[in-house]
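Chain by chain, the residues:
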Amino acid sequence: MQILMKSNQSALKELELATGEIVSDCYQCGKCTAGCPASMDPSPSVLIHYLKLGLFEKAVNSESIWSCMGCLTCSERCPKNVSPAAIVEGLKRLHLNRMKPRVILHALGQEFLANSTQQAVVSGFRKFV
Amino acid sequence: MAKIGVFVCQCGNNIARTVDTADVAEKTGELSGVAHVEDYKFMCSAPGQEMFKKAIKDNNLDGCIVSACSPKMHEATFRKAAEDAGLNPFKVEIANIREQCSWVHDDKEIATAKSKDITKMMVNRLKYNRPLERYKMPVTKRALIIGGGIAGIQAALDLANAQIPVSIVEREPSLGGNMARLSETFPTLDCSQCILTPRMVEVSNHPLISIHSYAELEKLDGYIGNFRATIRLKAKSVIEKDCTGCGECWEKCPFTVENEFDMGLSKRSVIYIPFPQAVPTVPVIDRENCPKFIKDKCGLCAKVCGQQCIDFTQQDRVIEEEFGAVIVATGFKLMPNVYKEYGGYRPPHMTPKKLTAKIRKTLPRSTAGRLVDVINGLEFERLASASGPTGGEIRRPSDGKVPETVVFIACVGSRDCNKGVEYCSKICCMYTAKHTMLYQHNVHHGKSYVFYMDIRAGGKGYEEFINRAQSENANYVRGRVSRLSKKGDKILVKGADTFTGHALEIEADMVVLATAMVPQEDAMGVAKNLGISYDQHGFFSEQHPKLMPVDSSTGGIYLAGACQGVKDIPETVAQASAAASKVMQLFSREELEREPEVAIVDEKNCMNCWDCVTVCPYNAIDRTEITNRQGQFLKWAAKVNPGLCQGCGLCNTVCRSKSIELEGYTDQQVYAQITAFEGAFV
C-alpha cells in the first residue's frame, strides 16, 4: 500500500482543540503501545503516527479506538506528557460527531432501558453506539 | 574648553545607507567643545585607526567620540588606539549609530537626525569623563581543583607539568571518581582502571600536587587571581603521615556495610579504602557506622595497626589556602530509578544519608516486592569489572545466577519531560552497546535485547562500535518498555516494537536501565558557594556556549567535565586540558589588569544603611572604619573592593545618600548625556 502524505490540518486542529493534546509532541517511543492492557491494534502509537502523517480518516475509522477502556496507563507513563487515552477519546468523539450511530436508541426497548442502570447505559453508548 | 574629536564612520554602506554621515559630521562640528570632525568609510580599518591616532596627536585632542557600531564591537579597538596616541583610553566613547540607528530605520531624514542626537549626547557626556587608570592586581600562582575524578586529575597533571602548584579537593577517601568504577570504556573496550590508575599514581607522586582527600570546600572568597579557600578536612581517624597502607586494619575489621563504590552490590569494612588502587592508600573510618563511635566498643583496628596510626579522637581540620584560579570538576551521578513501572527502588547510596540506616533495616534490596535484578548502568559496570563484587563474572544480584537473557533499556530518565530530564544523556547509547558486548563476551550463549528509541552515535569510531555490537548478537528493538514485573524468578518485560506497532513480552533474567546522567546532588550548593551560575538541571553554566565553553560566569573559575553538561571521557579530558590551559594563560602574567569602571564610595556622605552590602551580588562591598589622623574612630562607611566589583551599578541605584557612584557612569555624565537630548527624531 502506498501512503500519500497529505495534511488534514483542519481535522487535526479540531482533534487537538477537543482533547487539549499536541500530537506533534509524540516522538513514537511506543511506551503506550507496550503497556496497553487492551492490546489495541492499531496501537495507540500507530494511531498517533497516522495523525502525524495526515491520515486522519484511517485513525478515526480504525476499530481499535473502540477497544480503549480509558484506563489511562498510557497517559500516566508517557514521557512526553501526551495523553494517548485523551487522543483516542477525541477520535471516538469525532467519529460519533460525523458518523451515523450504529445503535438506534428507541429500538432498544423500554423494558431494557427501565431495568438497566442509567449510568451503565449511557457509558455503554460511548463505547458501542 | 574641551577639545573633542568626532569621527563618524560610514561602515561601508551599513550606516551610510540610511544616515547622511557628512551631515552628521558637519552639524556635530558646530557643537561647543568639538575641535575636529571626520567622516570616513571604515573607521575600524588600519588606515582609519591611523587617521584617528594622527588626529589626536595633531590637534592635541583631549577626548574622542567614534560614531559607529556598538561599543561591544570596537570600543576596545579605539581605546587601544587612543592609548597608543597618548590619550587616556577612558576619554574615548562610542556613539552607537549602527545597531541602534541605521539598522533599525528606513527613513534617511529621521535616521540622520537621530544620529546627530546620539552623537551630541555622547559629546556632552564626554566632557565629564575622568581619565581613569586600570587597576593592577597581583596573581597568586596556585590553582585549586574541586573534584578528583578524571577531569580533576587531567587538569592537575597539565598544570603541575607546567610548573604550577595545584591542590585537589576530593570528597571521597580516594581520587578516581566515576571513571574508576567503569570496567571497560567505549569504543575501544580498554580497561578503565588500567588507563586511570597510572594517572592517579602520577598525581600522588607529583611534587607540585597536594591532594586533600576526604575533604570539602567550605567557602571561597576573593576574586580572580586572589581567591581564599576554606577547606574542611574531614577526620579520617587515621594519622596520614604514619600510615603505610598495609591493609591490616581493613582486613581485620569485623563490621561491614554496603559498599558505595560497588553501588551497594557488595560489603566493605567500616575502616576502608574504596578500592585496592586507591590514591592516597590511607583508610578512613566511616564514623556513622563504626561501633567505636556509636557505642564505644571494638577498637580492633587500633590494636592491629603496627604503626599505631589509628586515632579515634581526631577532629575535622579547617585550613585556609590562597589560590589564583579554581577549576570546578565535580562530575555527575546517575539519576535514581524513579519509575514505579520499572521497579523503582531507591538504592541506599542515592538516598539521603540520614535515611540510609533506616532503609537498610526496613527495606533490604531483596525484599519488599522490589525488583532486585533491575540494575542501572554503573551497577552493571561493577558486575562486569574484574575488581567488582563478582570478580568480573556477570551474575545477577538476587541469587547469583548467570543471567541467560538480559534486557537493556535506553533513555530511562533522559528525554522524558514527564518524570525525568528533558535532555539526551548522550553516553547511554554507547555504554549500552558496550554492555551488550561485555555481556556477550562473558556469557557466550546469552541473549541480549536493547530497547532503544534512536541511536545517537556521533563520535569518532562510535557508529562502527554500534555496528559491532549489533553484529555480536545484540538484538535491537525500537521501542520503549512500559512495565517490568516479577514472574517467578524472572522479570517480565512488556515492551513494544514501534516498526510493527505491536506490543511484545520478554522474560528476562536481568534488566539494565541506562539511567540519565545528572549533576551531583549538591551541585547547586557548590555553585552558590563559588558564585557561579547553573542551569535548571544543576549543570554549571559556561560563559558562552560556543566561544567560551570552559569559563564559568565568574572570572578565574573554570569548568571541566560532566559538572558542566553530559560528557564522555574523551570530551571530559579535552575540557579539563582546556581549563588547565586557561589557568596557564591567567598565570602567565605577573599582574592582572582590571577595568576601572567600578563603584567608588564618597565616605563623607555614607550614612551606613548597608543597603549596598545587601544588594551587591559579588560580595564586593565591605564595612570599614573611618579614623582621623590620630587614629580615633570617626564613623563607619562602605568600602568597595575593586577586584571583586563587576560594575553592575546595583549599589549605585539603591544608595539613598547618593554616596556611591560608578566610575565611567557617574550621575554627572549620565545627566549631561540626557540633557543634551533634543528629541529631534521623536
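These numbers come from a predicted model, not from an experiment. Once a new chain begins, its residue numbering starts again from 1 and follows that chain's sequence as written. Lettering for chains starts from A, numbering for ligands starts from 1, and both go in the order in which the items are written. In keeping with the model being predicted, local features are shown solely for residues with a pLDDT of at least 70 and side-chain atom pairs are shown and tallied solely at 80 or more, while totals for entire chains, interfaces and linings include all residues.

A.B. asks: Any chance you could explain the overall build of chain B here in plain terms?
C.D. replies: Working definition: helices are DSSP H or I runs of at least four residues, strands are E runs of at least two. Numbering for both runs from the N terminus. Each helix and strand counted, chain B has 19 helices and 34 strands in total. Looking at chain B as a whole, 46% of its 682 residues qualify as buried. C-beta atoms are first placed from the backbone for all residues, and any pair lying within 7 Å is then listed as a contact. In chain B, of all internal contacts separated by at least 6 residues, the share reaching a separation of at least 24 is 70%. Counts of 20 or more other C-beta atoms within 10 Å of a residue's own C-beta define buried residues, counts of 12 or fewer define exposed ones, and intermediate counts define partly exposed ones; C-beta atoms are placed from the backbone.

A.B. asks: Would you explain the overall build of chain A in this entry?
C.D. replies: The number of helices and strands found in chain A is eight helices and zero strands. Secondary structure elements of chain A, listed N to C terminal, follow the sequence α-α-α-α-α-α-α-α. Going through the 129 residues of chain A one by one, you find that 31% of them count as buried. Here the analysis covers contacts within chain A between residues at least 6 apart in sequence; of these, 68% occur between residues at least 24 apart.

A.B. asks: What is the right way to look at the sheet that holds strand β4 (residues 92–96) of chain B in this model?
C.D. replies: Whether parallel or antiparallel, the strands of a sheet pair through hydrogen bonds between backbone atoms. Residues and elements named next belong to chain B. Strand pairing requires that DSSP identify at least two bridges connecting the strands. What the four strands build is an open sheet, ordered β2-β1-β3-β4; its pairing is parallel. Strand pairing shows two members of the sheet lacking a second neighbour, β2 (34–40) and β4, which therefore form its edges. Neighbour-to-neighbour, the strand axes of the sheet open up by a mean angle of 15°, direction not taken into account. Of the strand pairs in this sheet, strand β1 (residues 4–9) and strand β3 (residues 63–68) are connected by five bridges, and their pairing is parallel. Counted as the bridge partner of Val8 is Ser67 from β3. Comment: axis = line fitted to C-alpha atoms, over the contacting stretch for helices; angle = value between 0 and 180 degrees taken between N-to-C directions. Lying over the sheet, helix α3 (residues 71–84) contacts β3 and β4, oriented at roughly 150° with respect to β4.

A.B. asks: Looking at this model, I keep getting lost on the domain arrangement of chain A. Mind explaining?
C.D. replies: By a widespread convention, an interface's size corresponds to the accessible area lost as its parts come together. For the domain bounds, the source is a domain assignment made automatically or taken from a database. By the assigned domains, chain A splits into domain 1 (9–98) and domain 2 (101–129). Distance between the C-alpha centres of domain 1 of chain A and domain 2 of chain A: 26 Å.

A.B. asks: Is there a simple way to explain the domain arrangement of chain B in this structure?
C.D. replies: All names here are of chain B. Domain assignment breaks chain B into domain 1 (4–134), domain 2 (135–234 + 316–331 + 520–591), domain 3 (235–315), domain 4 (336–519) and domain 5 (598–662). On a C-alpha basis, the centres of domain 2 and domain 4 stand 31 Å from each other. Contact with domain 2, which involves 17 residues of that partner, is made by 22 residues of domain 4. Here the term charged refers only to Asp, Glu, Lys and Arg, the term nonpolar to Ala, Val, Leu, Ile, Met, Phe, Trp, Tyr, Cys and Pro, and the term polar to all other amino acids, Gly among them. Here the residues of the side of domain 2 that touches domain 4 are counted per class, giving nine nonpolar, five polar and three charged.

A.B. asks: How should the packing of helix α5 (residues 108–126) of chain B against helix α19 (residues 667–675) of chain B be read in this particular structure?
C.D. replies: Residues and elements named next belong to chain B. Across the interface, α5 lies against α19 with an axial gap of 7 Å and an inter-helix angle of 150°. In terms of orientation, α5 and α19 fall into the roughly antiparallel class. Relative to α19, the crossing made by α5 is right-handed. For the pair formed by α5 and α19, the contact residues are Met121, Asn124 and Arg125 on the first element and Gln669, Ala672 and Gln673 on the second. Class assignment for the residues of the contact of α5 with α19 results in two nonpolar, three polar and one charged. These descriptions rest on fixed angle ranges, namely under 35 degrees for roughly parallel, over 145 for roughly antiparallel, 65 to 115 for roughly perpendicular, and the rest for oblique. For a crossing to be left-handed, the near helix must be turned anticlockwise from the far one by less than a right angle; the clockwise case is right-handed.

A.B. asks: Teacher, can you tell me more about helix α12 (residues 377–384) of chain B here?
C.D. replies: Residues spaced three or four apart along an α-helix point in a common direction, a consequence of the helix completing one turn every 3.6 residues. Residues and elements named next belong to chain B. The element α12 is extensively covered by neighbouring structure, given that eight of its eight residues are classed as buried. Taken residue by residue, α12 has Gly377, Leu378, Glu379, Phe380, Glu381, Arg382, Leu383 and Ala384 as its buried positions. Elements in contact with the buried residues of α12: β19 (332–334), β20 (374–376), α13 (428–442) and β27 (510–515).

A.B. asks: Is there a simple way to think about the interface of chain B and chain A in this case?
C.D. replies: Of the residues lining the interface, 19 residues belong to chain B; the matching set on chain A comes to 19 residues. Contributions of two or more residues to the side of chain B that touches chain A are made by β24 (481–487), β25 (490–497) and β26 (502–508) of chain B. Here the side of chain B that touches chain A is built from residues that sort into five nonpolar, eight polar and six charged.

A.B. asks: Explain the environment of B:Ile15 to me, please; I cannot follow it from the model alone.
C.D. replies: All names here are of chain B. Its place among the elements puts Ile15 in the loop between β1 and α1 (21–29). When the C-alpha positions of Ile15 and Cys101 are compared, they lie 8.3 Å apart, and in sequence the two are 86 residues distant. Setting aside residues no more than four positions away along its own chain, Ile15 makes contact with Cys9, Gln10, Thr21, Ile97, Arg98 and Ser102.

A.B. asks: Honestly, the sheet that holds β25(B) in this entry has me stumped. Any pointers?
C.D. replies: Residue and element names in this part refer to chain B. Pairing is antiparallel across the open sheet formed by three strands, whose spatial order is β24-β25-β26. On the outer flanks of this sheet lie β24 and β26, each paired with one strand and no other. Each adjacent strand pair in this sheet contributes to an overall mean axis angle of 20°, direction not counted. The sheet contact formed by β24 and β25 spans six bridges and is antiparallel. The residue bridging Val481 from the neighbouring strand is Gly495, located in β25.

A.B. asks: Hey, could you run me through the confidence of the model for chain A in this one?
C.D. replies: Fine structural detail should not be taken from predicted coordinates in areas where pLDDT scores are low. Averaged over all residues, the pLDDT of chain A equals 84, while 84% of them reach at least 70. By mean pLDDT, helix α8 (residues 118–128) of chain A is the weakest element of chain A at 68, and helix α2 (residues 31–35) of chain A is the strongest at 94. Confidence of the predictor in every single residue is expressed as pLDDT, which spans 0 to 100.

A.B. asks: Which parts of the structure should I look at to understand the confidence of the model for chain B?
C.D. replies: Residue and element names in this part refer to chain B. This prediction gives chain B a mean pLDDT of 91; 96% of its residues lie at or above 70. Under a pLDDT of 50 for its full length, residues 347–369 has, in the predicted model, 21 contacts with residues more than four places off or in other chains. Taken over the whole predicted complex, pTM reads 0.82, whereas the ipTM for its chain interfaces reads 0.80.

A.B. asks: Would you mind showing me how to read the packing of helix α3 (residues 44–53) of chain A against helix α6 (residues 84–98) of chain A here?
C.D. replies: Working note: a packed helix pair is described by the angle between its axes plus the distance between those axes. Residue and element names in this part refer to chain A. Axis separation between α3 and α6 bottoms out at 10 Å; the angle between their running directions is 65°. Considering only the axes of α3 and α6, their crossing is left-handed. Along its contact with α3, which presents Pro44, Leu47 and Ile48, the element α6 presents Pro84, Ile87 and Val88. Residue composition of the contact of α3 with α6, grouped by class: six nonpolar, no polar and no charged.

A.B. asks: How should α1(B) be read in this particular structure?
C.D. replies: Regarding α1(B), the residues found buried are B:Thr21, B:Val24, B:Ala25 and B:Thr28. Seen along its axis, α1(B) keeps its buried residues to an arc of 95°; they face one direction. Taking the helix axis as origin, the arc is that swept by the directions to the C-beta atoms.

A.B. asks: I tried to follow unusual backbone geometry on my own but got confused; where do I start?
C.D. replies: Note: most peptide bonds trans; most residues except glycine with negative phi. Cis rather than trans, the peptide bond between A:Asp41 and A:Pro42 has omega equal to 0°. Tracing the chain through its elements places A:Pro42 in the loop between α2 and α3. Following B:Val279, the chain continues to B:Pro280 via a peptide bond in cis, the omega torsion being -5°. A positive phi angle is found at B:Cys298, which is not glycine, with a value near 75°. The topology assignment puts B:Cys298 in the loop between α9 (291–295) and α10 (300–304).

A.B. asks: Looking at this structure, I do not really get the nonpolar core. What am I missing?
C.D. replies: Note on soluble globular proteins: their nonpolar side chains tend to be buried together. Nonpolar cores are identified as sets of buried Ala, Val, Leu, Ile, Met, Phe, Trp, Tyr and Cys residues joined via C-beta atoms within 7 Å. Ranked by size, the top nonpolar core spans 159 residues in total, and within it B:Ala155, B:Val326, B:Ile327, B:Ala410 and B:Val511 carry the most contacts. With sequence-adjacent residues up to four places away left out, B:Ile327 is seen in contact with B:Ala143, B:Ile145, B:Ala155, B:Tyr558, B:Ala560, B:Ala579 and B:Val583.

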